[in-house]
Amino acid sequence: MKTLIISLKIFFFFTILTGVIYPVFVTGIAQLTFPTNANGNLIVKKNKIVGSKLIGQRFDSVIYFSSRPSAISYNPLPSGGSNFGLTNVKLKHSVDSLKNQFIIFNHLDNNTTIPSEMLFASASGLDPHISQKAALLQVDRIAKARNLNSDGKQIIIQCVKKMTEVPQFLCLGEDRINVLVLNLELDKIDAGNNSKTTNN
Amino acid sequence: MTTQDFIQIILYFTLLIGLTPVLGNFMFKVFTGEKHLMLPVFGWLERLTYKFSGINPDKESNWKSYTFDLLVFNLVGFLFLFLIQLLQTYLPFNPSHRTNVSWHSAFNTSVSFMTNTNWQGYSGETTLSYFVQMVGLTVQNFVSASTGIAVLLALIKGLSRKTTDLLGNFWTDLTRSTLYILLPLSILFAVVLVGQGVVQNFKTYDTVQTLQGATQIIPQGPAASQIAIKQLGTNGGGFFNANSAHPFENPTPFSNFLEMLAILLIPAALTFTYGKMVGSAREGWTIFMAMLILLLIGLSISLYAEYASNPIFGKLALMEGKETRFGITNSVLWSTTTTAASNGSVNAMHDSLAPLTGMVAMINLMLGEIIFGGVGAGLYGMIIFVILTVFIAGLMVGRSPEYLGKKIQKFEVQMAIIAVLAPNLVILIFSAWASVSNPGLAGLNNSGPHGFSEILYAYSSAAGNNGSAFAGLNANTIFYNVTLGIGMLIGRFGIIAPVLAIAGSMAGKKITPSSSGTFHTDNFLFMGLLIAVILIVGGLTHFPALSFGPIVEHLLMNNGITF
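Predicted model, so just to flag it, every value in this text is computed and none were measured.

Engineer: Help me out: how do you make sense of the overall build of chain A in this one?
Structural biologist: Within chain A, the regular secondary structure consists of seven helices and four strands. Starting at the N terminus, the α and β elements of chain A follow one another as α-α-β-β-α-β-α-α-α-β-α. Taking 200 residues into account, the globule formula puts the C-alpha radius of gyration at 16 Å, and chain A, at 23 Å, lies well above it. Expressed along its principal axes, the backbone C-alpha trace of chain A runs to roughly 80 × 50 × 35 Å. Per-residue burial over chain A gives 56% buried out of 200 residues.

This is the structure in structure tokens:
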């Protein structure tokens, strides 16, 4: 009985300490020091939230860089992957068809090596990144869809190179490029070009 | 693999080895009552805990009442967590209106977090309110880890004291581990994680209009505070369904590196603490080295398997279920450490790993989570194997076995055997049952040998109190929730009880001074024997089952066969 009373009391004490005070305290520090991060790195455009920098979005339009395949179609409730094993025939079929789609969609040569992140679904289903190579393969198609001349195309290529993140501290993680942020830049370039043409 | 891949791996292990004596020494001071860094900061909180709870910190108990205290405390935690899930809608901090959880899911989750398993049958972002995540889960993340450390401390006292029946005080062991080790490290780590982009707020979920005009609901919540302790306390239960693959849980390669380091940090440092507490740092380093070697063997096999080409996908990098920012090397380093350490958080989907990589993860679980293992739990599990090794070595040379100057006798060996058998029985019996029953087979996401692997992994994860999964298995059913829950209970307390019994029995023995005839347990010879015993016991028990799952799948994959 004495053990039970002590257990109840110390459990209550630790619940308040680690279950209430600890998260509230961390929230306080987080909101003071890194408010943008703590609230999800939301991107606001024209007073509307268009997404989070960290959460990938579905892009299948010809005028945008495509994002990775996602087992949940970029619907975050709930996040997750396909969980297909390598000997699952569905995975093999999906890779083959994604490869064909990518080649046809981007008017590529049949023998083009497609970076594998464009053929395989991510773990979270919300992966915001693709590789630089995967982005560069899409530039021709985007430039064409947006009626850009070769100068415009060069601007996009420069933009892709500029937006590529190198490994953190030069040694951690992989080269990558944030698709949502890249597409937002793309819209800016286009807006800039259009305004030029109207001025002329 | 590139040079950069090797640099990351070397950096990781260098930091791990370097931090082991630093944190190990700090924990030594905390547990032996010496003056330490955190005493001026949280000393008052320790005294307040005792005063509030009516604890006499100087009163010590024998192994039976120590075990009783531990069990009652864990039962209270279980019941509380069970009830708040069933009554979620009536409780505060539920801005996204999550409904009450089903009884079997609530049972499974409560057992899971109480036993430091953190298996998740549910999806965090669509099932639980912020209240349950914080007041329920975060609390268990702390106290289940401290419970593990407490058991280890009792065992150390049993090994280092002589002719007594007292093993210390469960409440002070629990309090000191929580206040001086887990809490300060978690606060620090949580803030660093937010600096990398992990969310920490109490907002409702945000609804956004994507660039293409679709609607996306972005989940929020106090994630960083929970992730910090889930990594440090070898818990592993994610705030979101995709766990540490979710960009809000693990946004950058640096957050990934730190979260990986946090997985092994305390279990590794405890080996140093152990060495110092039993009076010889070499004893601790010998165990550390055995663990490290087993880990590196597993890592090498995993990296080889993941980078190898195969007839199905040719030379394509196997990115299914992996995130671009981490790539293959960081995903494999994580899958190996998280399964070695009974953490169970994932940054890649283990179901989609190459068959041999998945097998290494499974072997890590099946060996009983002793390759660094859970906080406290890994080391006391390893000491069970040390006792077996000493016993077997004693038989080989015909000398009565001793460890740290204490005779290993019938009772200790019996208890050690129970501790080794309990989780293995769970794995083999439940996996066999699930493989031949309809409710068991209904949950499968893959067919062929990989389907069997999903089942085998699930029960290995439960028995080893790991919590990672071949997550394609739909385990949120009555059958899986209940059987996995029972498996976790046996895997936790089926080891804790015999370990405390051994501690009690060892405490009563005399210490024989070391002589020229003593069999030493702090050298390379012993380390080799220990590794051999672990691999033989694990290998003999699980090779048949593994050969039906990942081994045959690997062979079929290399012949281009799919299911």
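Now that the structure has been shown, the text picks up again.
Engineer: Looking at this structure, I do not really get the overall build of chain B. What am I missing?
Structural biologist: When its secondary structure is counted, chain B shows 18 helices and four strands. In terms of C-alpha radius of gyration, chain B reaches 23 Å, essentially the compact-globule figure of 24 Å for 563 residues. Across its three principal directions, the C-alpha atoms of chain B cover 75 × 60 × 50 Å. Counting the 563 residues in chain B, one finds 67% classified as buried. Of the contacts formed within chain B by residues at least 6 apart in sequence, a portion of 78% connects residues at least 24 apart. When the accessible surface of chain B is totalled, it reaches about 17,600 Å², and 69% of it is carbon and sulfur.

Engineer: Got a minute to help me understand a nonpolar patch on the surface in this structure?
Structural biologist: Nonpolar side chains collect at one region of the surface, where A:F12, A:I16, A:V20, A:I21, A:V24, A:F25 and B:F52 lie side by side and expose about 590 Å² of accessible area between them. Sort the elements by how many residues they give to the nonpolar patch and helix α1 (residues 2-33) of chain A lands first, with six residues. Here A:I16 lies in helix α1. Overall, the relative accessible area of 34% leaves A:I16 in the partly exposed class.

Engineer: Hey, could you run me through the packing of helix α6 (residues 130-160) of chain B against helix α9 (residues 253-277) of chain B in this one?
Structural biologist: A pair of packed helices is captured by two measures, namely the crossing angle of their axes and the spacing between those axes. All names here are of chain B. Taken N-terminus to C-terminus, the directions of α6 and α9 make an angle of 25 degrees; their axes are 10 Å apart at the nearest point. Between α6 and α9, the interaxial angle falls into the category roughly parallel. Handedness of the crossing formed by α6 with α9: right-handed. Residues I149, L152, L153, I156, L159 and S160 of α6 lie in contact with α9, whose contacting residues are L270, Y274 and M277. The class makeup of the residues in the contact of α6 with α9 is eight nonpolar, one polar and no charged.

Engineer: Explain the packing of aromatic side chains here, please?
Structural biologist: Any two aromatic rings considered together are summarised by their centre-to-centre distance and by the angle between their planes. If you walk through the whole model with that rule in mind, you get 31 aromatic pairs over all chains. Note on A:Y22 and B:F142: the rings are 5.2 Å apart at their centroids and 85 degrees apart in plane angle, and the pair reads as edge-to-face. Placement of A:Y22 in helix α1 and of B:F142 in helix α6 is noted, with the two residues assigned to different chains. A ring pair is formed by B:F93 and B:F202, whose centres lie 5.6 Å apart and whose planes are at 35 degrees; its orientation type is tilted. Of the two residues, B:F93 is situated in the loop between α3 (63-86) and α4 (103-114) and B:F202 in the loop between α7 (170-196) and β1 (206-209); the sequence distance between them amounts to 109 residues. You can call B:F93 partly exposed: its relative accessible area is 42%. Judged by its relative accessible area of 29%, B:F202 falls in the partly exposed class. Through a chain of ring-to-ring contacts, three or more aromatic side chains come together here, namely A:F11, B:Y66, B:F73, B:F80, B:F170 and B:W171.

Engineer: I keep staring at the pattern of salt bridges and nothing clicks. Help me out?
Structural biologist: Close approach of charged atoms lets side chains of opposite charge pair. Evaluation of the coordinates by the stated rule reveals 17 salt bridges over all chains. Salt-bridge contacts for A:R176 lead to A:E165; the nearest nitrogen and oxygen are separated by 3.3 Å. Taken as a pair, A:R176 in the loop between α6 (150-163) and β4 (177-178) and A:E165 in the loop between α6 and β4 lie far apart in primary sequence, eleven residues in all. Here A:K188 makes a salt bridge to A:E185, at a shortest N to O gap of 3.1 Å. Residue A:K188 and its partner A:E185 are both found in helix α7 (residues 179-199); the two are separated by three residues, about one turn of the helix. According to the relative accessible area criterion, A:K188 is exposed, its value standing at 56%. Each of A:R68, A:D127, B:E323 and B:R325 takes part in one network of salt bridges that share partners.

Engineer: Explanation requested: the domain arrangement of chain A in the structure shown.
Structural biologist: One widely used convention gives an interface's size as the accessible area the parts lose upon coming together. The domains assigned to chain A are domain 1 (1-39) and domain 2 (47-199). Distance from the C-alpha centre of domain 1 of chain A to the C-alpha centre of domain 2 of chain A: 41 Å.

Engineer: So what exactly am I meant to see when it comes to the environment of B:A269 here?
Structural biologist: All names here are of chain B. Tracing the chain through its elements places A269 in helix α9. Among the residues examined, A269 registers a relative accessible area of 0% and is labelled buried. A269 sits 110 residues away from L159 along the chain, and the two C-alpha atoms are 19 Å apart. Sequence-distant contacts of A269, defined by excluding residues within four places in its chain, comprise T20, L23, G24 and M27.

Engineer: Honestly, the pairing of strand β2 (residues 215-218) of chain B in this entry has me stumped. Any pointers?
Structural biologist: Residues and elements named next belong to chain B. Because side chains alternate across β2, one face comprises the buried residues Q216 and I218, and the other comprises T215 and I217, none of which is buried. Note that β1 and β2 share four bridges and pair antiparallel. Its bridge partner being in β2, Q209 is matched across the sheet by T215. Between β1 and β2, which pair antiparallel in sequence order, lie five residues; one of them, G213, sits at a positive phi of approximately 90 degrees.

Engineer: Which parts of the structure should I look at to understand the interface of chain B and chain A?
Structural biologist: Each side of the interface is counted separately: chain B has 110 residues, and chain A has 94 residues. Here chain B and chain A share an interface that buries about 8,300 Å² over both sides, 67% of which is from carbon and sulfur atoms. Where chain B meets chain A, there are one salt bridge. The residue A:D127 makes a salt bridge to B:R325 at a minimum N-O spacing of 4.0 Å. Looking at which element gives the most residues to the side of chain B that touches chain A, the answer is α7(B), with 13 residues.

Engineer: For this particular structure, what's the right way to read the confidence of the model for chain B?
Structural biologist: Reading predicted coordinates in detail is not appropriate for stretches of low pLDDT. For chain B, per-residue confidence averages 95 on the pLDDT scale, and residues scoring 70 or more make up 100% of the total. Of the two predicted TM-score estimates for the complex, the pTM is 0.96 and the ipTM is 0.95.

Engineer: Just checking my understanding: could you explain the packing of α4(B) against helix α17 (residues 478-507) of chain B for this structure?
Structural biologist: All names here are of chain B. At a closest axis distance of 9 Å, the pairing of α4 and α17 adopts a crossing angle of 20 degrees. As far as their axial angle goes, α17 and α4 are roughly parallel. The handedness of the crossing between α4 and α17 is left-handed. Across the interface between the two elements, W103, H104, S105, F107, N108, V111, S112 and M114 from α4 touch I478, Y480, N481, V482, L484, G485, M488, L489, R492 and F493 from α17. For the contact of α4 with α17, a count of residues per class yields eleven nonpolar, six polar and one charged.

Engineer: What is the right way to look at α4(B) in this model?
Structural biologist: Residues spaced three or four apart along an α-helix face the same direction, because each turn holds 3.6 residues. All names here are of chain B. Here α4 spans 16 Å end to end across twelve residues, near enough to the 16 Å set by a 1.5 Å rise per residue. Most of α4 sits inside the fold, with eleven of its twelve residues counted as buried. Among all positions of α4, only H104, S105, A106, F107, N108, T109, S110, V111, S112, F113 and M114 are buried. In the stretch just after α4, N116 is the one whose phi turns positive, near 65 degrees.

Engineer: Looking at this structure, I do not really get the side chain of A:S79. What am I missing?
Structural biologist: As for its position among the elements, A:S79 is in the loop between β2 (48-52) and α3 (89-105). The exposure class of A:S79 is buried, given its relative accessible area of 2%. Of the polar contacts made by the side chain of A:S79, one reaches the side chain of B:E125; its length is 2.7 Å.

How each quantity is defined
- Residues numbered from 1 in each chain as written.
- Chains lettered and ligands numbered in written order.
- Predicted model: local features only at pLDDT ≥ 70, side-chain atom pairs only at ≥ 80, totals over all residues.
- Heavy atoms only, no water.
- Helix = DSSP H or I, 4+ residues; strand = E, 2+ residues; numbered from the N terminus.
- Rg over C-alpha atoms; globule rule 2.2 N^0.38 Å.
- Buried < 20%, exposed > 50% of the residue type's maximum accessible area, 1.4 Å probe, protein only.
- Contact = heavy atoms within 4.5 Å.
- Areas by Shrake-Rupley, 256 points an atom, 1.4 Å probe, with all protein chains shown as cover.
- Patch = residues over 30% accessible without salt bridge, like charges linked within 9 Å, V, L, I, M, F, W, Y side chains within 5 Å.
- Salt bridge = Lys/Arg side-chain N within 4 Å of Asp/Glu carboxyl O.
- Axes fitted to C-alpha atoms, helices over the stretch in contact; angles between N-to-C directions.
- Parallel < 35°, antiparallel > 145°, perpendicular 65-115°, else oblique.
- Left-handed = near helix turned anticlockwise from the far one by under 90°.
- Nonpolar A, V, L, I, M, F, W, Y, C, P; charged D, E, K, R; others polar.
- Phe/Tyr/Trp six-rings, centres within 6.5 Å; stacked < 30°, edge-to-face > 60°.
- Domains from an automatic or database assignment.
- Pairing = 2+ DSSP bridges.
- Buried area = accessible area lost by both parts, 1.4 Å probe.
- pLDDT = per-residue confidence, 0-100.
- Expected span 1.5 Å × (residues − 1).
- Polar contact = N/O pair within 3.5 Å; in protein donor to acceptor, adjacent residues only side chain to side chain.

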